[in-house]
Every structure is written in structure tokens, then in C-alpha cells.
Amino acid sequence: MRIFLLIIIIFLSLSCSRQNSPKNSILIVAVEGLSFNDLSCEPTNISVEGPGLQTLCAASVRFTHAHAPSTMTQANITSILTGLYPVEHMVKHNGGHFLNESFKTAAELALENGYRTSYFSSGAPSLRKSGINQGFETFNDQVNIGLNTQYRPASDVIRLFNAWTTQQNLEAPFFSLIYLSDLSFPYVSTKNELNEVRNKTRSSQLLEISESINKLIIKLKKSNRYDSTYIILLGVNGYSSQNTIKELPVTSLRSKYTHVVLNVKPAQKKRDLAIKWKFDSNVSLVDVGQTLLEIITPNTYNAKPGPLQKASLLSIITDNKISWVKKPILLETAWPQWRNLSGIRYALRKNQFLHLYDSPSTIYNTFVDKHELRPLDNSSALAQEIQKEAKSIFNQFNIKPWAGINNYSITKLKVAQATWRDNPDPASIYNIKQLLAENPNDKEIVNWLAKLYLKTKSWTQLKQLAIKTHSLDWLFVAQKNLNLPQIVNPKSCLKFLTLKIKKLTHKQCGDKPFVAGFNYLKSNNSPSLFNKFINQYRKEKISESVLKYNYSQFLTLDTNINIKIKPSLVDMALSLPEFRKAAMLVKKSFSK
């Protein structure tokens, strides 16, 4: 009897031990634009990919055919946190779409199940205003935007995460997501661990990410959290340096813009050998969301049935076993609807076939046509079979074929991207003039051209443009620099530069930077008035730099696009011959 009771006690104690065993932590590192081609995981590429990424490669399950369900960052992050497609959770772009509170995120489930939760972002477009902050105790998306700072680099984001883990109770598991946007800033200088400046390239930013991840791994190992943490490295969307002629990256659902990195380092015991294998069937970031749900609630997890089959990847990660049959993946981009240029574009990927649901449809066999250049004949039996299966899914969501975007809008956005990125295309003026010849009534294009003429001091060209467009301000600036008789616009604040007054008020001119600049210029170099002017003008230039960056990213940021890039009053005033010294002082101040 005593032996029997002892056995019962031992059994119960082991059972309680299993039930009370610590949960594994979950860390998602989501990288903007991390395309599948960016990470080969070959040991020979360590100098290119860096130590952090190579460490994860050596201990991860690599999903070679992972796809983002959307080209929009917020839509994909929401899919990761809910395990749902954008057509289900309805956060479809980076604008005003908001995750309804009726949806329970993985972070909320984690919090309910004893995890500490945190989210650290590089900045826009991954922001709390989309509702993805649900369930995160700490949600840090505050980035100080400056003239040369549009994001928080990977080193700073991961430093914040490491500091957060230090502050938390180490006995509790954590559920954290780190969003990095460094790859969107190839023109920003980075430094290696020896403080040496790298070249301004996308590859340099990848190394910055890798070295930062390496510091994260070192910290996790020192705190004995590395082995017990699932680390999920993924690309939020794809990338290609070669744009398709008739498409924009934000509207393209081809593989190069949806095929992303997905590497998962599982949580293991210290004595276990590192897992390293590949899985070559199609999976989606939606499946990553389902995986999170199963890790957090293993006893109650059950993927909900529906027309779009979703599945956890956990059995593949832990046992290299697939628990589901091959399934279709729905792709979409709501960018054209957001920007009022067209409707939402959809595509369906199943096995090796990509079906772009356009009018007419286009189907590619990616197995024999890797670059998706030779579509199937729509009248063929194979194409018709694929269309029939796809249409049954499209009909369930009331999805209509995409009509496309007019060629002028596509060309204009590509010219804007080339013009306003950090290293503008030398042919920008020519390209803008070509657009203007095609649509002479496009005032935005006229403003761009005037801005470039002002920047390049092309006074004769600015004069010609001013006469053609009846812009008295531009004509005044051009004539002044050409030492020709000037005509002052009586309705413009620039007229005050020709009057003998010492001070300007906001009632006389509503342009705050110009008023501050005018008062400084008339003050005999007052330091306090100079600082006031610089602060006002810096705000104006920061707003302009955000607009330029947004154009360089094909308007993927939720900024006010009704504010236009054009010559400002201060820009024009500082271009005048009598204010060259002041212009030099401003330039020097901004360079600090």
C-alpha cells in the first residue's frame, strides 16, 4: 500500500512539474524589405551577411518559399499577430485602417498566459495607430524625426529591447516583436564594430542589422534565455532593385515583392543539437501567426476552417513533419485603393503557379519561369483549371479582377521616386520636363521642376518656367539673380524684402519660417533671432524631408500627401544674391 501511495505521489509531482514548467519565450525580428534573395545562409557568405544572421542560419529551420500576404507593412504585421489574412482582419494598408478590438492578437493571448510583452519599432509605417499595440505592455514606436533621421537604426532598437529584458522578471517568458526598417535607408551611413564607416549601400544596412542581432543573441545567451527562446526572423515584404516597367513595387504581387526570408530557431534544451533543415513548400506569414498561437496556447490551439486554409508551422519546426496538405496563399495590395488610383489587386499562389487576378488574368509557372516573364496561354486546359479553382476562392470574398493603374500615374511616381531619394537621378529634370510635356496642367510637376531649378541655380530656366506658368515669385527670384529688372508680386510675402521695414508680423505674413527669417535678416545678425529662425526653418525642412522620403518609398507612409514639394518662401529668399551669407550660415547650422 505504501509503495502504491509513493508511486501516486511521484506521478503527481512529475505531472505538476510538467504543468508548471517554464514556457518558452518568443522573439520575432521583422525586417522591412528582407527578400529571400538577401539571405543565402551559406557559410561562405558570412562576410556579406554578418555574424548574427549566420548564427541564426546555423540553428534554424529555413522556409525557402515563404510569402508575405500583402505589399503593405501594417497588413503583414497584423497578419503575423492574428494568424489571419488581410481580407479577414481588414487592416489592408498603412493608412487609416485599424485593427478592430474584437480580434484577439497573439500578444493579448501571451499576456493572458503569463508572458511579458513588448514591441520595439524603427518607426513608420509600423505604428500603434493601426491597433497592433493590442496586448503589448511596452509598445515603443517613438522616433525623433530630424533632417537626416527618418528612422531608428537596428542598433538602437535592439539596445532598447536588451534594456527591456534586463528590467523584466527573468523567471517570466517574454513575447516580443522587433521591427527594423534599415534596409529602406541605403543612403544612411553605418559603422561596423570597429567604428569604421561602411559604404552607403543596402548591403551595409544588412550588415548593421546582422551585427545588431548578434548583440541580441549574446545578451540572450548571457542571461540564459537563448536556448529557451523561439527566434523568428522574417521579411515583412520583398524587394527588388529592378522595377517592372508597367508596375510599381507597391502594386506588384510577383515573387520578388512577396517572397521573403523566414527562418525559425526553435526553443530547445541546452543539450539538444541545433536544428537546421529546409522546408520547400509554400507558406505564408499568416502561418507564422498561427504558429505563434499554437506555441502560446498548445492545449487549446485549433486553426479555424475556412476558404483560406491556415496552418501552424510548429510540427515542421520541431519534428520536420507537415501536418497539412499543400494549400493556396492569397496575396493582395490595397495600396492603389488607398491612394485613390484603382481598386485592390489580388493574386493566388498555389504550388508553383502564380495567378494574378487582373483583367485579363495572368498565370505564371514559376518552376520553369523563375522571373515570371512568360505567362501561360489563358486558353490552355491548365490555365483554365487554375482559373477555375482560384475563382472559387475569389468569389467567396467578392473579389473582382484588377483594372490596373493608368500609365501616367505609374511614370509620375517612378520619376518622383528617382527624383526625391537621397541620391537623385541626374536625369530628373529631363524626366520631369517629359512629364510636363505630357500633362502641362499638372501643377505638382511644375512645382517639382521649379524646386530643382532653384536648387541647381538654373535661373534662365526658372525664368522661362515662371513666364509660362505666370508665377511672379519665381520670376522675381530669377530676374534678381540674373540682374534684370524685377516685378514684385503684391500678394506675396516676398514683397517685404523690397520694403524698408525692420520687423514683420504674422498678421502681415502667415508664413512663420519666412517671418522669423525676415526678422533675423533685418536684425544685424541677432543670435536669438537666428536661433528662432533656424528652429522654424528646420521644422519646414523636416516636413519636406518626410515628403521626399515618402516619395522615395512610393507613398507607403501615412503622411499628408496634400502638402506638396515646392519652393518655399525661405528657399526663394535665401537664393537671392544679397542673402548668400545667410544661406551659408543656415547650411552650416543644418550640417551640425
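Scroll up for the structure.
Okay, so let's go over this structure. It should be emphasised that the depicted structure is a prediction, and the values quoted were computed from it without experimental measurement.

1. Re the overall build of the protein chain
Assigned secondary structure in the protein chain consists of 21 helices and 15 strands. Seen through its C-alpha atoms, the protein chain measures out along the principal axes to roughly 110 × 65 × 50 Å. Every one of the 592 residues in the protein chain was classed for burial, and the buried ones make up 55%. Pairs at least 24 apart in sequence give 64% of the contacts found in the protein chain among residues at least 6 apart.

2. Examining the pairing of strand E1 (residues 25–31)
Counted residue by residue, E1 has 7 buried out of 7 residues, so it is predominantly covered. A two-sided burial pattern is seen for E1, the buried positions comprising Ser-25, Leu-27, Val-29 and Val-31 on one face and Ile-26, Ile-28 and Ala-30 on the other. Across 7 bridges, the pairing between E1 and strand E7 (residues 229–235) is parallel. Pairing of Val-31 across the sheet is with Gly-235, part of E7. In terms of strand pairing, E1 meets strand E6 (residues 174–180) through 6 bridges, oriented parallel. Note that in E6 the partner of Val-31 across the bridge is Leu-180.

3. Describing empty space enclosed by the protein
Applying the stated criterion across every chain, the model contains 2 cavities of 30 Å³ or more. Taken as a whole, the second largest cavity encloses approximately 50 Å³ of empty space. Lining the second largest cavity, in full, are Phe-514, Gly-517, Phe-518, Leu-521, Phe-533, Val-570, Ala-573 and Leu-574. When residues of the lining of the second largest cavity are traced back to their parent elements, those giving at least two are helix H18 (512–521) and helix H20 (569–574). Sort the elements by how many residues they give to the lining of the second largest cavity and H18 lands first, with 4 residues. Partitioning the lining of the second largest cavity into residue classes produces 7 nonpolar, 1 polar and no charged.

4. So, the layout of surface pockets
There is about 1,600 Å³ of room inside the largest pocket. What lines the largest pocket is a set of 42 residues, among which Lys-455, Lys-541, Glu-544, Lys-548 and Phe-590 lie closest to the centre. Across the lining of the largest pocket, the residue classes tally to 18 nonpolar, 11 polar and 13 charged.

5. Some details on the nonpolar core
Of all hydrophobic cores here, the largest spans 64 residues; its most connected members are Trp-335, Leu-462, Phe-514 and Phe-533. Ranked by the residues each element gives to this core, the list is headed by helix H15 (residues 443–455), at 8 residues. If we ignore the near neighbours within four places in the chain, the residues touching Phe-533 are Pro-513, Ala-516, Gly-517, Tyr-520, Val-570, Leu-574 and Val-586.

6. A short note on the sheet that holds strand E4 (residues 116–121)
The 8 strands are arranged E5-E4-E6-E1-E7-E9-E2-E10 in an open sheet whose pairing can be described as mixed. Sheet topology places strand E5 (138–140) and strand E10 (277–279) at the edges, where each strand pairs with a single neighbour. Direction aside, the axes of adjacent strands within the sheet are offset by 10 degrees on average. Sheet strands in contact with helix H3 (residues 73–82) are E1, E4, E6 and E7, and its direction is about 165 degrees off that of E6. Running over the sheet, helix H9 (residues 285–296) touches E1, E6, E7 and strand E9 (262–265) and is turned about 170 degrees from E7.

7. Digging into the packing of helix H14 (residues 428–438) against H15
Closest axis-to-axis distance for the H14/H15 pair is 10 Å, and the angle between their directions is 155 degrees. Comparing the axis directions of H14 and H15 gives the class roughly antiparallel. For the pair H14 and H15, the sense of crossing is left-handed. Facing H14, whose interface residues are Ser-428, Ile-429, Ile-432, Lys-433, Leu-435 and Leu-436, H15 presents Ile-445, Val-446, Trp-448, Leu-449, Leu-452 and Tyr-453.

8. Quick look at the sheet that holds strand E3 (residues 66–67)
A sheet is described by the order of its strands in space; here 3 strands give the open sequence E8-E3-E11, paired in mixed fashion. In the strand order of this sheet, the two ends are held by strand E8 (259–260) and strand E11 (283–284), each with one partner. Taken together, the 2 bridges between E3 and E11 define a ladder with parallel strand orientation. Looking across to E11, one finds that His-67 is bridged to Ser-284.

9. Brief notes about H9
In this model, H9 (12 residues) spans 17 Å end to end at C-alpha, consistent with the 16 Å of a helix rising 1.5 Å per residue. Most of H9 sits inside the fold, with 11 of its 12 residues counted as buried. Buried residues of H9: Leu-285, Val-286, Asp-287, Val-288, Gly-289, Gln-290, Thr-291, Leu-292, Leu-293, Ile-295 and Ile-296, and no others. The N-terminus of H9 is capped by Ser-284, whose side-chain oxygen sits 3.0 Å from the backbone nitrogen of Val-286.

10. Focus on unusual backbone geometry
Residues Ala-124 and Pro-125 are joined by a peptide bond in cis, for which omega reads 5 degrees. In this structure, Pro-125 sits in the loop between E4 and E5. Of the consecutive residues Ser-359 and Pro-360, the connecting peptide bond is found in the cis state with omega at 5 degrees. Within the fold, Pro-360 resides in the loop between strand E14 (353–356) and strand E15 (362–365). One non-glycine residue, Asn-398, adopts positive backbone phi at about 55 degrees. Along the polypeptide, Asn-398 turns up in the loop between helix H12 (381–396) and helix H13 (407–420). Phi is positive for Asn-524, close to 60 degrees, though the residue is something other than glycine.

11. Observations regarding the state of the cysteines
Counted by the stated rule, this structure contains 2 disulfides. Each disulfide pairs two cysteine sulfurs, and for Cys-41 the partner residue is Cys-57, the sulfurs being separated by 2.0 Å. A torsion of -65 degrees about the S-S bond marks the disulfide between Cys-41 and Cys-57 as left-handed. Highlighted residues: Cys-41 in the loop between E1 and helix H2 (46–57) and Cys-57 in helix H2, separated in sequence by 16 residues. The burial state of Cys-41 is the same as that of Cys-57; both residues are buried. Disulfide pairing is shown between Cys-493 and Cys-509; the S-S distance is 2.1 Å. Sign of the S-S torsion, about 105 degrees for the bond between Cys-493 and Cys-509, identifies this disulfide as right-handed. Residue Cys-493 is found in the loop between helix H17 (472–481) and H18, and its partner Cys-509 is found in the loop between H17 and H18; the two are separated by 16 residues along the sequence.

Conventions and cut-offs
- Along each chain, residue indices are assigned from 1 in the same order as the chain's sequence is written.
- Local features in this predicted model are restricted to residues whose pLDDT is 70 or higher, and side-chain atom pairs enter the listing and the counts only when it is 80 or higher, whereas totals over whole chains, interfaces and linings include all residues.
- Values shown for side chains rest on all heavy atoms present in the structure; no hydrogens or waters enter the calculation.
- Secondary structure follows DSSP: runs of H or I at least 4 residues long count as helices, runs of E at least 2 residues long count as strands, and numbering of each begins at the N terminus.
- For every residue, the accessible area obtained with a 1.4 Å probe (protein chains only) is divided by the maximum for its type, and the residue is called buried under 20%, exposed over 50%, and partly exposed between those limits.
- Contacts are assigned to residue pairs with any non-hydrogen atoms lying within 4.5 Å of each other.
- Only strands that DSSP links by at least two bridges are regarded as paired with each other.
- Buriedness for pockets is judged along seven lines, at least five of which must meet protein on both sides within 12 Å for an open set on the 1 Å grid over protein atoms alone, while cavities are sets there where a 1.4 Å probe fits but cannot get out, and lining residues have an atom within 4 Å of a point.
- Grid points are joined across faces, edges and corners, and a volume is the space filled by probe spheres set on the points.
- The classification used treats Ala, Val, Leu, Ile, Met, Phe, Trp, Tyr, Cys and Pro as nonpolar, Asp, Glu, Lys and Arg as charged, and all other residues, Gly among them, as polar.
- Buried Ala, Val, Leu, Ile, Met, Phe, Trp, Tyr and Cys residues form a nonpolar core when they are joined through side-chain atoms within 4.5 Å.
- Convention adopted: a line fitted to C-alpha atoms gives each axis, helices being fitted over their contacting stretch, and angles between N-to-C directions are expressed from 0 to 180 degrees.
- Roughly parallel here means an angle under 35 degrees, roughly antiparallel means over 145, roughly perpendicular means 65 to 115, and every remaining angle is called oblique.
- Each crossing is labelled by how the near helix is turned from the far one, with a counterclockwise turn of less than a right angle marking it left-handed and a clockwise turn marking it right-handed.
- Here, expected helix span is obtained from the residue count minus one, scaled by 1.5 Å.
- Polar contacts, as counted here, are pairs of nitrogen or oxygen atoms within 3.5 Å of one another; within protein the pair requires one atom able to donate a hydrogen and one able to accept it, and residues that are adjacent in sequence qualify only if both atoms are side-chain atoms.
- Disulfide assignment relies on a single distance test, namely cysteine sulfur atoms paired within 2.5 Å.

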